[in-house]
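Listed below, chain by chain, are the residues.
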Amino acid sequence: MNEEQKPYVIDVNGNQVFSADYVFQQMQAQGRRIDRARHIAELAALLAAVALVAALII
């Protein structure tokens, strides 16, 4: 196996566990997904507010 490429599942005292690098990568990816969803929700709320103001004006 290449030194740069580490296994995601490692053996610790006979138990298979995920490596810290893998867990960290997954946490980072989850954080990005949460941030993206939050930005989409903020944009949707802004568009809804604009549509409400436009409906009240018309």
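Anything mentioned here points back to the structure above.
Residues numbered from 1 in each chain as written. Predicted model: local features only at pLDDT ≥ 70, side-chain atom pairs only at ≥ 80, totals over all residues. Heavy atoms only, no water.

S.K.: Is there a simple way to think about the overall build of the protein chain in this case?
M.R.: From N to C terminus, the protein chain includes one helix and two strands. From first element to last, N terminus to C terminus, the protein chain shows the α and β order β-β-α. In terms of overall size, the protein chain is more extended than a compact globule, its C-alpha atoms giving a radius of gyration of 22 Å where 58 residues would be expected to give roughly 10 Å. Across its three principal axes, the protein chain shows a C-alpha extent of roughly 70 × 25 × 10 Å. Summed over all atoms, the accessible surface of the protein chain reaches about 5400 Å², with 62% contributed by carbon and sulfur. Computing the positive centroid from 5 side-chain charges and the negative centroid from 6, the protein chain places the two 10 Å apart. (Helix = DSSP H or I, 4+ residues; strand = E, 2+ residues; numbered from the N terminus. Rg over C-alpha atoms; globule rule 2.2 N^0.38 Å. Areas by Shrake-Rupley, 256 points an atom, 1.4 Å probe, with all protein chains shown as cover. Lys, Arg positive; Asp, Glu negative; His and termini not counted. Charge placed at Lys NZ, Arg CZ, Asp CG, Glu CD.)

S.K.: Looking at this structure, I do not really get the pairing of strand β1 (residues 9–12). What am I missing?
M.R.: For a regular strand, the rule is simple: side chains alternate between the two faces of the sheet. Relative to strand β2 (residues 15–18), β1 runs antiparallel, the two sharing four bridges. In the strand pairing of β2, Val9 is matched with Phe18. (Pairing = 2+ DSSP bridges.)

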